[in-house]
Structure formats: structure tokens, C-alpha cells
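# Topology and contacts: notes
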Amino acid sequence: MNRMPIIIDNDTAQDDCVTILLGLTDPLADVRAITTVAGNVSFDRQVINAQMTLSVAGRLGEVPLHLGCRQPMLREWVSAEDVHGDGSGGLDIELDESAISDEHAVDALIRITAEQPGEVSIIAIGPLTNIATAIVKDRRFVKNVKSLYIMGGSNNGRGNITAAAEFNFYVDPHAAQIVMAAGFADVHIVTWDPLTLRDATYSREQYDRLTRIQTPIAQFFKRVCDATLGFNESVGIDGSTHPDSITLAALLHPELVLDSSQYRVDIEIQSELTMGYSAMAWEKFGVKPNAHVIEEMDGPGFYSILEQMLEIETTPTRPILGLNG
Ligand code: RIB
Ligand code: CA
């Protein structure tokens, strides 16, 4: 089986944690590094969340963890703590400083992709600050990346942090525009609307079936996802949303991608009203495409992958405080 070398660049909270678990447990994935970027919750909390996720999978200290940009390129950081709480349901862990690399995430992204040009793919599921900084720091980076899978934006649809913008593109719109204009050979985008809302949102009944599984990672999944589910239901989203993990699944399991089209994607960086909006122009408008925007995925098929993943028995590397059993 050919495993896919990947780097997961993320703003570790809720579904970012689920994505890391998928990367660490899926036999098709060869996770070369986890890189963190300012996004969902405080940066230091994201580091704790990342270490807990690696630990619950029994892989803390094995998979390199690189800390990245602690703030967006130009704008002030915007939190999503109202959505995710602390991103891990109040769990905690005694940090293992030795498990945090001294190499900055941007340098790791550049180095790892340069060591195997055209072979390593990046899953970018937070604001794109690290990716854009790597582009600016070393122009060869764009050519060295095999595929770039991004969770971000909406396809002529509604935002979630504002009516116009999805969170990842809103937090660092300048980074997102740098990435979309950089010329990556193979970009795939999973959107908030419609893709996540339609194909990666699971009802409370489906969620309860997953969280009744009595394994450490299933109980961890419940703790990191409970707060976001509660928030979703309070704003009319009827279920548990999994935009990040389905983005990784699109790379690992391309059979789940039922429809995808080429678009020219650009990010609004001028107007405060629509800051971070992703303008997605399709073929009709005669503009050169720069991304494959995934139009439809097999939601039930991905649910089965999540279910199988959560059944995996693991032995946490370090105790996770507050996680029973
Ligand atoms: O808009 C959804 C995205 O914002 C997800 O990546 C979630 O983790 C948050 O970062
Ligand atoms: Ca994320």
C-alpha cells in the first residue's frame, strides 16, 4: 500500500484534532509533521490540544510537532472560542516540551517538501498564514508541494464568521490571497457552504452513535466536539460539523469526492464588509482556474470512516487529565 506523505497545518481545536487522529490512524497516511498556526483558540492552548491529540493516539514524541505563526500576516487575530470553547472540552495534559520541535513550522514546511520535491502534500485546515509565509520565504516551496488541500471559504454561499466570510479565510485574508495567487499545481478546496453544511454535518443521533464508542479516542472525540455541536445547534446548524477531517479524507480517499470543478478563487482583502470573502468564478467567466473546488462528497461514506477510526484501541502516551478510563 502506498502511503501518502502529508503535513497537517492546523489551528488545533475540535475538528482539527479529529483530522490529526485520522492522519495518525489511517493506513494510507504518512504524517511527516503537524504544524500549528494562529486560529481557533489561543496559540498556547492549541499546543496543548495538539499534544493531547498526539498522546491519545499513542504518538506523542513520535510525530514532529512544529509551532508556526502566532498571528495573521497583517490583521489582528480573531478567536473562535465562542464556537469551540478551549477546543478540547476542558481536558488537559502535562506538556512534553521535548515533543515540540525547535524548528519553526514555516521552516519545516519548506524543508520537508524540499527533501522530496513533488511528493509531499499539505492539508491546510486553519488560517493560511504559515503557508503564505513559506511562499514568501522560499519561492521553490510552491513547486515542491505535490498537492495542497485547503479547508476554507464558501462556494458562492454563506460565511460563518461573517455573512460573507468563512473563518479560516477571514482570520488571514492576505495569506489566503497569497496562497491562491501563488501558482500551486494542484489545489483542492473544501468549503463551508455548501460542502461542509451538506456533506460533513452529522445529526446529534449520528454523533451520539460515535460518542457511545468506549475507546480513548472516541471519548476524546466527544470531549473535543461537544462544545462545537452545542454552538452549532444554538445558531441553527443541526449537527456536528467536520470540515477539516473531511478535507484530509478527500486526499486519502478520493472515491469520496463525488463532484469537483475548476474555479478561479480570489479572496477579498479591501472591503471590511466582505473581508475574507472567497470569490469563486467558474468557467463561464473565462478566467484561468487556480483550484479544484469540491462540489460534493460522500457524507455517509466519510461517517463510516470516522466510525471505524473511533473503534481503534490506543494507549495514550501520557495521561490526559479529565479523560475517564
Ligand atoms: O470555518 C471552519 C474552519 O474554521 C475549520 O477549520 C475550523 O477548525 C475553524 O478553523
Ligand atoms: Ca481548523
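Everything numeric here is computed off the predicted structure, so don't read it as measured data.

### Concerning the overall build of the protein chain
Looking only at helices and strands, one finds 13 helices and 11 strands in the protein chain. Taken over C-alpha atoms, the radius of gyration comes to 18 Å for the protein chain, in line with the 20 Å a tight globule of 325 residues would show. Across its three principal axes, the protein chain shows a C-alpha extent of roughly 55 × 45 × 40 Å. Summarising the internal contacts of the protein chain: among those between residues at least 6 apart in sequence, 85% fall at separations of at least 24. Taken as a whole, the protein chain presents about 12700 Å² of accessible surface, with 50% of it coming from carbon and sulfur. Between the centroid of the 23 positive side chains of the protein chain and the centroid of its 45 negative side chains there is a distance of 4 Å.

### A word on the sheet that holds strand β2 (residues 29–36)
With mixed pairing, 9 strands are arranged side by side in an open sheet as β3-β2-β1-β4-β5-β6-β11-β9-β10. Edge positions in the sheet fall to β3 (65–67) and β10 (278–281), since each of these pairs with one other strand and no more. Taken pair by pair, the neighbouring strands of this sheet meet at an average axis angle of 30 degrees, ignoring direction. Looking at chain direction, strand β6 (residues 187–190) and strand β11 (residues 291–297) are connected through 2 bridges and run parallel. Bridge pairing in β11 places His188 opposite His292. Lying over the sheet, helix α9 (residues 192–199) contacts β5 (145–151), β6 and β11, oriented at roughly 30 degrees with respect to β11.

### A short note on the layout of surface pockets
Of the voids in this model, the largest pocket is the one considered here, and its volume is about 550 Å³. Contributing to the lining of the largest pocket are 29 residues, with Val83, Asn160, Phe167, Trp192 and Phe231 lying nearest its centre. Elements supplying a minimum of two residues to the lining of the largest pocket: α1 (15–25), α3 (81–84), α7 (167–171), α9, α11 (216–234) and α12 (243–252). Looking at the lining of the largest pocket residue by residue, the classes come out as 12 nonpolar, 10 polar and 7 charged. Taken as a whole, the second largest pocket holds about 210 Å³ of empty space. In this structure, the second largest pocket is lined by 15 residues; those nearest its centre are Phe184, Lys288, Pro289, Asn290 and Ala291. For the lining of the second largest pocket, the secondary-structure elements that each account for two or more residues are α8 (173–181), β9 (257–267) and β11.

### Examining the site of ligand 1
In the region of ligand 1, the neighbouring residues are Asp11, Asp16, Asn40, Ile125, Met151, Asn160, Glu166, Phe167, Asn168 and Asp244. Residue Glu166 places a side-chain N or O atom 2.6 Å away from an oxygen atom belonging to ligand 1. Here an oxygen atom of ligand 1 and a side-chain polar atom of Asp244 are 2.6 Å apart. Contact with the protein chains removes 95% of the 270 Å² of surface that ligand 1 exposes when unbound. Looking at the shell around ligand 1, its residues break down into 3 nonpolar, 3 polar and 4 charged.

### Things to note about the coordination of the calcium ion (ligand 2)
Of the protein atoms, only Asp11 (OD), Asp16 (OD), Asp16 (OD), Ile125 (O) and Asp244 (OD) coordinate the calcium ion (ligand 2), at distances of 2.2 to 2.7 Å. Donor residues binding the calcium ion (ligand 2) come from one chain and are separated in sequence as D-x4-D-x108-I-x118-D. One end of the pair, Asp16, is in helix α1; the other, Ile125, is in the loop between β4 (120–124) and α5 (129–137), and 109 residues separate them in sequence. A relative accessible area of 1% places Asp16 in the buried class.

### A look at helix α10 (residues 204–211)
Those residues of α10 not exposed but buried are Tyr207, Leu210 and Thr211. Seen from one end, α10 has its buried residues packed into an arc of 90 degrees, which puts them on one side. Buried residues belonging to α10 abut α11, β8 (240–241) and α13 (299–310).

### What to know about the packing of aromatic side chains
Within this structure, the stated rule accounts for 4 aromatic pairs. For the pair Phe141 and Phe184, a centre-to-centre distance of 6.0 Å together with 90 degrees between the ring planes defines the contact as edge-to-face. Highlighted residues: Phe141 in helix α6 (residues 140–144) and Phe184 in the loop between α8 and β6, separated in sequence by 43 residues. Given a relative accessible area of 8%, Phe184 falls into the buried group. Relative to Phe285, the ring of Trp282 lies with its centre 4.8 Å away and its plane at 75 degrees, an arrangement referred to as edge-to-face. Over the aromatic face of Tyr170 sits the side chain of Arg75, whose NZ or CZ is 5.6 Å from the ring centroid.

### Re the nonpolar core
Of all hydrophobic cores here, the largest spans 65 residues; its most connected members are Ile8, Ile34, Phe220, Phe302, Met309 and Leu310. Those residues in contact with Ile8 that sit more than four places away from it in its chain are Thr19, Ile20, Gly23, Val31, Ala33, Ile34, Thr35, Ile123, Ile125 and Leu248. Grouped together as the second largest cluster of nonpolar side chains are 35 residues, Ile7, Val142, Ile150 and Ala291 included.

### Here's the deal with the packing of α1 against α12
Packing of α1 against α12 brings their axes to within 7 Å, and their N-to-C directions diverge by 30 degrees. On the basis of their axis angle, the class for α1 and α12 is roughly parallel. Every residue of α12 that contacts α1 at Asp15, Asp16, Val18, Thr19, Leu22 and Gly23 is listed here: Pro243, Asp244, Ser245, Leu248 and Ala249. Its residues assigned to classes, the contact of α1 with α12 comprises 5 nonpolar, 3 polar and 3 charged.

Conventions we followed
- Residues numbered from 1 in each chain as written.
- Chains lettered and ligands numbered in written order.
- Predicted model: local features only at pLDDT ≥ 70, side-chain atom pairs only at ≥ 80, totals over all residues.
- Heavy atoms only, no water.
- Helix = DSSP H or I, 4+ residues; strand = E, 2+ residues; numbered from the N terminus.
- Rg over C-alpha atoms; globule rule 2.2 N^0.38 Å.
- Contact = heavy atoms within 4.5 Å.
- Areas by Shrake-Rupley, 256 points an atom, 1.4 Å probe, with all protein chains shown as cover.
- Lys, Arg positive; Asp, Glu negative; His and termini not counted.
- Charge placed at Lys NZ, Arg CZ, Asp CG, Glu CD.
- Pairing = 2+ DSSP bridges.
- Axes fitted to C-alpha atoms, helices over the stretch in contact; angles between N-to-C directions.
- 1 Å grid on protein atoms, 1.4 Å probe; cavity = no way out; pocket = protein on both sides within 12 Å on 5 of 7 lines; lining within 4 Å.
- Points joined across faces, edges and corners; volume = space filled by probe spheres on them.
- Nonpolar A, V, L, I, M, F, W, Y, C, P; charged D, E, K, R; others polar.
- Near = heavy atom within 4 Å.
- Polar contact = N/O pair within 3.5 Å; in protein donor to acceptor, adjacent residues only side chain to side chain.
- Donors = N, O, S within 2.8 Å, 3.2 Å for Na, K, Ca; no water.
- Buried < 20%, exposed > 50% of the residue type's maximum accessible area, 1.4 Å probe, protein only.
- Arc of directions from axis to C-beta.
- Phe/Tyr/Trp six-rings, centres within 6.5 Å; stacked < 30°, edge-to-face > 60°.
- Lys NZ or Arg CZ within 6 Å of the ring centre and 35° of its normal.
- Core = buried A, V, L, I, M, F, W, Y, C linked by side-chain atoms within 4.5 Å.
- Parallel < 35°, antiparallel > 145°, perpendicular 65-115°, else oblique.

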